[in-house]
Amino acid sequence: SNQVGSFTPKMQDEEQKGIGLWTKLEKSSVTLAPKESIEVKFEINVPQDITPGQYFGSIINEEVSDNPCDETQLVSGSCQGNIQIRTRTGNRIYLTVPGQVNENIKLNSFTWKTAKNDTVNFQFSFTNSGNVAFEPKAIIHIYDGFGAKIDTLEAKLGKSLPGSTIT
């Protein structure tokens, strides 16, 4: 996950860890006709010494053009402008290695700041040192100067994968 708890897979040219390193596809490239589909098998080889817990990854599919543009971009089949658009889709992989669950979540910080338009911005930071994912939820009760509750705010704070920090 990224810093705000969104699922963000690594690109192929980035260093792969976990499932990205353990997963091998039957084929790395396929050609499809319009409306054609194909099944590509994959294998996940989990190392023998891996610790119990949850592991997350994905298989990303990317459209590859037969006619790449030299200095300009391919946009919907023609070279235009200087922005490159590629279609990518992903399939998430969630793997649980059986064993003892370790839920180790730490609240690093909780801060608030009043903005120019008199709104208040709350910021949380959590570190997940455990071996399972969690989805923190904030519930903030707001009281006036006399101690009367005037509002309750609730928000999901993203998804924290094992070994990650979200803010």
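Quick caveat, the model's predicted, so the values are computed rather than measured.

A. Summary view of the pairing of strand 8 (residues 120–128). Note: strand 7 (residues 105–114) against strand 8, 9 bridges, orientation antiparallel. Its bridge partner being in strand 8, F110 is matched across the sheet by F124. Hairpin remark: strand 7 followed by strand 8, antiparallel, with 5 residues in the connecting loop; positive phi at D118, about 65°.

B. How the structure looks around the environment of G158. With respect to the secondary-structure elements, G158 resides in the loop between strand 10 (149–156) and strand 11 (165–166). In the structure, G158 is positioned 22 residues away from P136 in sequence and 6.8 Å away in space, judged by C-alpha atoms.

C. Representation of the sheet that holds strand 8. Taking strand neighbours across the sheet as the criterion, the 3 strands line up as 7-8-11 in an open arrangement whose pairing is antiparallel. Where the open sheet ends on each side, the last strands, each with one partner, are strand 7 and strand 11.

D. Summary view of the side chain of T23. Position of T23 among the secondary structure elements: in strand 1 (residues 23–25). A distance of 2.7 Å separates the side chain of T23 from the backbone oxygen of I19, its partner in a polar contact. With residues up to four places along the chain from it excluded, the contact list for T23 reads F42, E43, I44, I59 and I93.

E. Spatial organisation of the pairing of strand 9 (residues 137–143). Inspection of the sheet shows strand 9 paired to strand 10 by 7 bridges, in the antiparallel sense. Bridged to I139 within strand 10 is E154. Linking strand 9 back to strand 10 in an antiparallel pair, the connection comprises 5 residues, with G147 at a positive phi of about 90°.

F. Molecular detail of the pattern of salt bridges. Using the criterion set out here, one finds 1 salt bridge in the structure. For K137, the salt bridge identified is with E154, shortest N-O distance 3.1 Å. Here the residue K137 occupies a position in strand 9, and E154 occupies one in strand 10, the gap between them amounting to 17 residues. For the pair shown, K137 and E154 are each scored as exposed.

G. How the structure looks around a nonpolar patch on the surface. A surface patch of nonpolar side chains, about 410 Å² in accessible area, is lined by L107, F110, W112 and V120. At 3 residues, strand 7 tops the list of elements feeding residues into the nonpolar patch. Along the chain, W112 falls in strand 7. Assessed through its relative accessible area of 57%, W112 is described here as exposed.

Thresholds, definitions, all that
- Residues numbered from 1 in each chain as written.
- Predicted model: local features only at pLDDT ≥ 70, side-chain atom pairs only at ≥ 80, totals over all residues.
- Heavy atoms only, no water.
- Pairing = 2+ DSSP bridges.
- Helix = DSSP H or I, 4+ residues; strand = E, 2+ residues; numbered from the N terminus.
- Polar contact = N/O pair within 3.5 Å; in protein donor to acceptor, adjacent residues only side chain to side chain.
- Contact = heavy atoms within 4.5 Å.
- Salt bridge = Lys/Arg side-chain N within 4 Å of Asp/Glu carboxyl O.
- Buried < 20%, exposed > 50% of the residue type's maximum accessible area, 1.4 Å probe, protein only.
- Patch = residues over 30% accessible without salt bridge, like charges linked within 9 Å, V, L, I, M, F, W, Y side chains within 5 Å.
- Areas by Shrake-Rupley, 256 points an atom, 1.4 Å probe, with all protein chains shown as cover.

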